[in-house]
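# Structure at a glance
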Amino acid sequence: MKFCSSQRLGSVLALFFFALVFWDVLGVRALDNGLARTPTMGWLHWERFMCNLDCQEEPDSCISEQLFMQMAELMVSDGWKDAGYEYVCIDDCWMAPQRDSKGRLQADPQRFPGGIRRLANYVHSKGLKLGIYADVGNKTCAGFPGSFGYYDIDAKTFADWGVDLLKFDGCHCDSINLLAKGYKHMSLALNKTGRSIVYSCEWPLYMWPLHQPNYKKIRQYCNHWRNFADIYDSWESIKLILDWTASNQDRIVNIAGPGGWNDPDMLVIGNFGLSWDQQVTQMALWAIMAAPLFMSNDLRQINPQAKALLQNKDVIAVNQDPLGKQGYRLRKEKDIEVWERPLSNLAWAVALRNLKEIGGPLSYTTSLVSLGKGVACNPGCFITQLLPMKKDYGFYGWTSSFKTQINPTGTVLLKLEAISVN
Ligand SMILES: *[C@@H]1O[C@H](CO)[C@@H](O)[C@H](O)[C@H]1NC(C)=O
Ligand SMILES: *[C@@H]1O[C@H](CO)[C@@H](O)[C@H](O)[C@H]1NC(C)=O
């Protein structure tokens with residue numbers, strides 16, 4: 001597809017207003033590999049297991065084939081796969097310190113005795129997909145061999161092994177220019193293998209704060225892209241990611257859509273750092289942001305409440321909505337943020353977030369005309385609360401208001417379904 005110049009776009013606008021609306025959606029070409037039509041869902045080891053190499057002392061939490069095989073098994077037996085989580089992803093620290101005699105990356109022979117190909121076969125036998133990690137520069141962030149100078153070889157190696165997703169990091173890269181070249185080169189190299197491989201980039205993250213990423217370009221080469229620093233298992237970290245996203249939403253929201261998504265990083269639900277309400281906030285807002293959902297937790301020991309939250313069908317349906325439009329922060333008041341996301345069938349998701357970190361539940365009333373560009377409840381709508389627990393609120397007219405209570409640091413996630421008029 002060729003791009004229109006903005007001048008030509010102008011004349012299209014003058015003639016066909018609806019064509020412009022259509023063009024606006026399709027105008028930013030996505031990476032054409034048929035993948036990530038909705039945000040990718042899976043499990044990724046980094047936040048929970050980091051770079052633990054000590055399989056002597058900590059055999060259950062070191063980065064080894066056993067860890068990924070156990071997670072793959074549990075993803076099937078404990079309902080994760082049925083809920084939509086599909087990709088079992090390896091992050092940094094899987095490699096041997098040296099390439100082999102033919103210049104190919106190899107897995108650490110002690111920790112991955114069967115090699116990646118066998119692990120991929122195992123994961124595929126469970127009906128799941130395998131993700132792997134590499135780096136655009138001279139070394140990975142943890143100091144293992146980087147792909148600079150080896151993009152084609154590495155793409156081919158991953159395809160030969162049966163890998164289904166590549167997370168491509170941006171450490172140890174000298175310049176913005178090499179960064180861009182490297183991310184593009186790897187995208188084309190993956191395409192040349194003929195294998196369908198989701199391409200997860202960190203390209204914009206390594207450009208900020210000195211350079212403005214060209215998101216249209218990035219979308220042409222990547223299926224999703226990290227914009228902001230690594231997530232931590234803390235409320236502070238969640239708040240920073242949400243603040244960054246809201247402050248930059250004019251740049252990033254419209255660029256997201258089927259095939260290419262902004263990636264605010266892993267779900268840390270089920271770990272140690274977030275209270276229940278804060279876990280609800282992460283799940284609700286990641287759904288609003290159309291974020292890839294990569295859990296980083298220990299599926300062997302996760303409490304039932306966190307598990308139910310991560311497997312919540314209604315919230316996952318918001319995240320995976322086929323319209324594929326990312327939500328945004330609609331307004332920020334003293335103690336409240338209101339976020340909303342347009343969904344298919346003229347529905348809207350609305351998140352009411354209590355910013356207060358003191359006191360009890362906050363009462364909040366919003367007029368329904370102020371939501372969903374004034375049309376979400378026109379002439380009326382049904383309101384369902386999805387989080388923190390499901391609750392049917394029934395019918396509301398356009399001019400009415402909606403009142404609820406929100407816990408400190410928590411979020412109420414609603415779905416508004418407009419009634420149709422004929
Ligand atoms: C490679 O790119 C072409 C065109 O851009 C696309 O049609 C094809 O499906 C891609 N192949 C893979 C394996 O991604
Ligand atoms: C990798 O290292 C070489 C030699 O120091 C350097 O010329 C090259 O620019 C580096 N590559 C990147 C991507 O930084």
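The protein chain is annotated in an unreviewed UniProt entry as Alpha-galactosidase of Dipodomys ordii. Note on the protein chain: under the UniProt heading Function (unreviewed entry), the record states "Catalyzes the hydrolysis of glycosphingolipids and participates in their degradation in the lysosome."

### Re the packing of aromatic side chains
Under the defined criterion, the tally for this structure stands at 19 aromatic pairs. Each ring, one from Trp80 and one from Tyr85, has its centre 5.8 Å from the other, and the planes form 75°; the classification is edge-to-face. Through successive ring pairs, a cluster of aromatic residues spans Phe148, Tyr151, Phe168, Tyr183, Tyr199, Trp203 and Tyr221. Residue placement shows Arg48 over the ring face of Phe49; its charged tip is 5.8 Å from the ring centre. Above the ring of Tyr150, the side-chain terminus of Arg99 is found at 3.6 Å from the ring centroid.

### As for the pairing of strand S12 (residues 362–367)
Here S12 shows one buried face, formed by Leu362, Tyr364 and Thr366, and one open face, formed by Ser363, Thr365 and Ser367. With 6 bridges joining them, S12 and strand S15 (residues 401–406) adopt antiparallel strand pairing. Residue pairing across strands places Thr365 opposite Lys403, the latter belonging to S15.

### What to know about the UniProt feature "domain: Alpha galactosidase A C-terminal" (unreviewed entry) in the protein chain
Listed under "domain: Alpha galactosidase A C-terminal" (unreviewed entry) in the UniProt record, and renumbered for this structure, are residues 324–410. Across residues 324–410, the secondary structure splits into 0% helix and 54% strand, with the terminal C-alpha atoms separated by 25 Å.

### Some points on the environment of Ala107
Within the fold, Ala107 resides in the loop between strand S2 (87–89) and helix H6 (115–125). In this structure Ala107 comes out as buried when scored by relative accessible area, which is 12%. Put simply, Ala107 and Ser200 are 93 residues apart on the chain and 20 Å apart in space, counted from C-alpha to C-alpha. Residues within four places of Ala107 in sequence aside, it is in contact with Trp94, Met95, Ala96, Phe112 and Ile116.

### Describing unusual backbone geometry
Residues Asn378 and Pro379 are joined by a peptide bond in cis, for which omega reads 0°. The residue Pro379 is located in the loop between S12 and strand S13 (380–387) in this model. In the segment running from Leu387 into Pro388, the intervening peptide bond is cis, with an omega of 5°. Within the element layout of this structure, Pro388 appears in the loop between S13 and strand S14 (391–397).

### Quick notes on the side chain of Thr40
Mapping Thr40 onto the fold places it in the loop between helix H2 (17–26) and strand S1 (41–44). Looking at Thr40, the relative accessible area reads 4%, which means it is buried. Engagement of the side chain of Thr40 in a polar contact is seen with the side chain of His224, the distance being 2.8 Å. Excluding its chain neighbours within four sequence positions, the residues that come into contact with Thr40 are Tyr87, Leu165, Val198, His224, Pro292, Leu293 and Phe294.

### Comments concerning the state of the cysteines
One pass over the structure, following the stated rule, counts 5 disulfides. Two residues share a disulfide in this structure: Cys201 and Cys222, whose sulfurs sit 2.1 Å from each other. On the sign convention where negative means left-handed, the S-S torsion of about -90° between Cys201 and Cys222 marks this disulfide as left-handed. In this pair, Cys201 sits in strand S5 (residues 198–201) while Cys222 sits in the loop between helix H9 (215–221) and strand S6 (224–226), placing the two residues 21 residues apart along the sequence. Described in terms of the sequence order of its bonded cysteines, the disulfide pattern of the protein chain is 1-4, 2-3, 5-6, 7-8, 9-10. In this structure Cys89 is a free cysteine whose sulfur lies 14 Å from that of Cys201, the closest cysteine sulfur available. Judged by relative accessible area, Cys89 falls into the buried class, the value being 1%. Take Cys173: it sits in no disulfide, and the sulfur closest to it among the cysteines is that of Cys171, at 9.9 Å. Residue Cys173 is classed as partly exposed on the basis of its relative accessible area of 23%.

### A look at the site of ligand 1
Near ligand 1 the following residues occur: Asp32, Asn33, Asn191, Gly194 and Arg195. Between ligand 1 and Asn191 there is a distance of 2.3 Å, counted from an oxygen atom to a side-chain nitrogen or oxygen. For ligand 1, whose free accessible area comes to 360 Å², the fraction covered by protein is 53%. When its residues are assigned to classes, the shell around ligand 1 shows no nonpolar, 3 polar and 2 charged.

### Let's talk about the sheet that holds strand S16 (residues 411–418)
As summarised here, the arrangement of the 6 strands in space is S9-S10-S11-S16-S13-S14, forming an open sheet in which the pairing is antiparallel. Two strands in the sheet have a free side with no partner beyond their single neighbour: strand S9 (328–332) and S14. Put simply, the sheet's adjacent strands are angled 25° from each other on average, direction ignored. In the sheet, strand S11 (residues 347–354) pairs with S16 via 7 bridges, with the strands oriented antiparallel. Bridging across to S16, Ala347 finds its partner in Glu417. Sitting on the sheet, helix H12 (residues 276–288) touches S9, strand S10 (336–342), S11, S13 and S16, and the angle it makes with S16 is about 35°.

About the criteria used
Residues numbered from 1 in each chain as written. Chains lettered and ligands numbered in written order. Predicted model: local features only at pLDDT ≥ 70, side-chain atom pairs only at ≥ 80, totals over all residues. Heavy atoms only, no water. UniProt positions renumbered as here; feature names shortened; annotations may be inferred. Phe/Tyr/Trp six-rings, centres within 6.5 Å; stacked < 30°, edge-to-face > 60°. Lys NZ or Arg CZ within 6 Å of the ring centre and 35° of its normal. Buried < 20%, exposed > 50% of the residue type's maximum accessible area, 1.4 Å probe, protein only. Helix = DSSP H or I, 4+ residues; strand = E, 2+ residues; numbered from the N terminus. Pairing = 2+ DSSP bridges. Contact = heavy atoms within 4.5 Å. Polar contact = N/O pair within 3.5 Å; in protein donor to acceptor, adjacent residues only side chain to side chain. Disulfide = S-S within 2.5 Å. Near = heavy atom within 4 Å. Areas by Shrake-Rupley, 256 points an atom, 1.4 Å probe, with all protein chains shown as cover. Nonpolar A, V, L, I, M, F, W, Y, C, P; charged D, E, K, R; others polar. Axes fitted to C-alpha atoms, helices over the stretch in contact; angles between N-to-C directions.

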